[in-house]
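Okay, here's what each chain looks like letter by letter:
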Amino acid sequence: MPKSSTSLYQRTTDLLAQRGVSLEAIANLVMFLQKDYLPDLTLPLARESVTTVLHKREVQNALITGIQLDISAEHHALLEPLQTIVAQDEGLYGVDETMALSIVNVYGSIGLTNYGYIDRVKPGILSILNAHDPEHIHTFLDDLVGAVAAAAAARLAHDDAPL
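Residues numbered from 1 in each chain as written. Predicted model: local features only at pLDDT ≥ 70, side-chain atom pairs only at ≥ 80, totals over all residues. Heavy atoms only, no water.

A word on the packing of aromatic side chains. All told, the structure shown has 2 aromatic pairs when counted by the stated rule. Relative to Tyr117, the ring of Phe32 has its centre 5.9 Å away and its plane inclined at 5°; by these criteria the two rings are stacked. Here Tyr117 lies in helix α7 (residues 108-121) and Phe32 lies in helix α2 (residues 23-34), a separation of 85 residues in the sequence. With a relative accessible area of 25%, Phe32 lands in the partly exposed category. The ring of Phe32 has Lys35 lying over it, and the distance from NZ or CZ to the ring centre is 4.3 Å. (Phe/Tyr/Trp six-rings, centres within 6.5 Å; stacked < 30°, edge-to-face > 60°. Helix = DSSP H or I, 4+ residues; strand = E, 2+ residues; numbered from the N terminus. Buried < 20%, exposed > 50% of the residue type's maximum accessible area, 1.4 Å probe, protein only. Lys NZ or Arg CZ within 6 Å of the ring centre and 35° of its normal.)

What follows is the structure, given as structure tokens:
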């Protein structure tokens, strides 16, 4: 039987915390993305937007799947050549970005452009997750966290858009 949305949300946020990612760290990425466009944006409002995005089932599924793949790679539990590809975060792999796109597409083209930008500059927690530490593999997580931030920023932009 599928888990309830509430228990999946809790499992998702627990896994993020276990991997060193707080909701505040993601909210700070939202602030980074929106500071020039929403000057009255506060960290609590950014965090609320992150929480709203994280309550979506497709976001929860993508995060749980990506985190599981990262953990499996840390335990050398993936089949070759996938083990090496994920462990080294090979640039031409692209499945991690494809999973991230499933999150940003929920909020349209602004989510996509936000994601492309934040994935390129990797501010805040993304620079830590992308450090390529062989003990802590975050091949999927860095892209998925960036996608959550991009989606939360796009959600705020949609709410602020004039009619």
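Right, picking up where we left off after that structure.
The next point concerns the UniProt feature "domain: YutG/PgpA" (unreviewed entry) in the protein. In the UniProt entry, the feature "domain: YutG/PgpA" (unreviewed entry) is given for residues 25-158. Regarding residues 25-158, the helix share stands at 70% and the strand share at 0%, and the terminal C-alpha atoms are separated by 22 Å. (UniProt positions renumbered as here; feature names shortened; annotations may be inferred.)

Applying the stated criterion across every chain yields a total of 3 salt bridges. A salt bridge links Asp119 to Lys122; its shortest N-O distance comes to 2.6 Å. On the basis of relative accessible area, Lys122 is assigned to the buried category, the value being 18%. The salt bridge partner of Lys122 is Asp142, with a shortest N-O separation of 3.6 Å. Remark: Asp142 occurs in helix α9 (residues 141-160) and Lys122 occurs in the loop between α7 and α8 (125-129); sequence separation between them is 20 residues. With relative accessibility at 3%, the residue Asp142 sits in the buried group. Via salt bridges that share partners, Asp119, Lys122 and Asp142 belong to a single interconnected network. (Salt bridge = Lys/Arg side-chain N within 4 Å of Asp/Glu carboxyl O.)

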